[in-house]
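So the chains spell out like this:
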Amino acid sequence: MFKGIDVSAHQGKIDWGKVKADGIQFAIIRCGYGSDMPDQDDKQFTRNVSECEKHGIPYGVYLYSYATNLTEAESEVQHVLRLLKRYVPMYPVYIDMEDADGYKRKHNVSDAMCVDICLRFCEEMTKAGYYAGVYANKDWLVNKINDLRLSAYPIWLAQWNSKPTYDGKFGIWQFTSSGNVDGIGTRVDMNLCYEDYPAIIKGKELNGYKKPAPKPAPKPTKKSNDAIAEEVIAGKWGNGAERKKKLKAAGYDYDAIQQLVNQKLSPKKETSKPKKE
């Protein structure tokens, strides 16, 4: 289980070094809200991501949805894709499905459309190679977007309680909005994660992650001709045609090696001493 937070521009300028030192193991960062317009990017998104990367805090992202139809949902997908071009999040990419300010109710967005918006977001993000999921509170998950098709995607449950009572599967539980973390000057949402998302994402090469290419095996150090000649004499390279084939395959000059072998095996001539007069 991992302890984390989710943040947006509402938390202001965060001291991420202090956040990590306070035991935070991951963060879900708002990248923006609504359709793909730069003025709807979260003003702290770039800094928050850069600081997480600097301090080695794995992160995911979320976009607060204002979509009222599938065309707007597709624009929200493009919004997220534009902002993630430079980054490789190690946690899922979520659509935040709620209606905190009554916008969806005002625009008569049906529960069925909310489900379709979530599905379109997740499907399109998945096609783009991302691990996409849905954030919602228990009431929405049970009463508004309770659709079996959404169970194919990671769920981030919001339920401010001493323990979660949602019966469905979820990977992250947001358990309070009143957390206090060193380095953050406001209250902050606190979360517990039950999945090893970085391992899942790396294993499946999602969110832009690519496994490092295996390092080539180091080339064996080539021995001197003299050392090889000693090995030939010791019988390590076989005899006759077999020896010649092996030496050539290993990159050695067979004739030069054989000449050394012959020299080593030939009897040494005694040096004659001068006669005394």
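K.L.:
What is the right way to read the sheet that holds strand 2 (residues 26–33) from this model?
P.N.:
Two orientations exist for strands paired in a sheet by backbone hydrogen bonds: parallel and antiparallel. Here 8 strands make up a closed barrel; going around it, the order is 1-2-3-4-5-6-7-8 and the pairing mixed. Pairwise comparison of adjacent strand axes, ignoring direction, gives a mean angle of 30° for this sheet. Across 4 bridges, the pairing between strand 4 (residues 93–96) and strand 5 (residues 132–137) is parallel. Looking across to strand 5, one finds that Val 93 is bridged to Ala 132. Seen against the sheet, helix 2 (residues 45–55) touches strand 1 (2–7), strand 2 and strand 3 (59–64) and runs at an angle of roughly 160° to strand 2.

K.L.:
Whenever I open this one, the packing of helix 9 (residues 240–249) against helix 10 (residues 254–265) confuses me. Can you help?
P.N.:
Between two packed helices, both the angle of their axes relative to each other and the distance between the axes serve to describe the pair. Running from N to C, helix 9 and helix 10 cross one another at 120°; their axes reach a closest spacing of 9 Å. Judged on the interaxial angle alone, helix 10 and helix 9 are oblique. From helix 9, Arg 243, Lys 244, Leu 247 and Lys 248 reach across to helix 10, where they touch Tyr 254, Ile 257 and Gln 258. Partitioning the contact of helix 9 with helix 10 into residue classes produces 3 nonpolar, 1 polar and 3 charged.

K.L.:
Quick question: what am I supposed to make of the pairing of strand 8 (residues 188–193) here?
P.N.:
Within a regular strand, side chains alternate between the sheet's two faces. Taken across its 6 residues, strand 8 has 6 buried, putting it largely inside the fold. Bridge count between strand 1 and strand 8: 5 bridges; the pairing is antiparallel. Bridge pairing links Ile 5 to Met 190 in strand 8. Bridge count for strand 7 (residues 172–179) against strand 8 is 5 bridges, and the pairing is antiparallel.

Cut-off values and rules
Numbering of residues starts from 1 in every chain and runs along the sequence as written. For a predicted model such as this one, the threshold for reporting local features is a pLDDT of at least 70, and the threshold for listing and counting side-chain atom pairs is 80 or more; totals across whole chains, interfaces and linings nevertheless cover every residue. Side-chain descriptors were evaluated using all non-hydrogen atoms of the structure, hydrogens and water having been removed beforehand. Criterion used throughout: strands pair if DSSP finds at least two bridges between them. Elements are defined by DSSP. Helices are runs of H or I of four residues or more, strands are runs of E of two residues or more, and each kind is numbered from the N terminus. Fitting a line to C-alpha atoms yields each axis, with helices limited to the stretch in contact; the angle taken between N-to-C directions then spans 0 to 180 degrees. We call two residues in contact whenever any of their non-hydrogen atoms come within 4.5 Å of each other. For this classification, under 35 degrees means roughly parallel, over 145 means roughly antiparallel, 65 to 115 means roughly perpendicular, and everything else is oblique. The classification used treats Ala, Val, Leu, Ile, Met, Phe, Trp, Tyr, Cys and Pro as nonpolar, Asp, Glu, Lys and Arg as charged, and all other residues, Gly among them, as polar. Per-residue accessibility, obtained with a 1.4 Å probe over protein chains only, is compared with the maximum for each type, and a residue is labelled buried under 20%, exposed over 50%, and partly exposed between these values.

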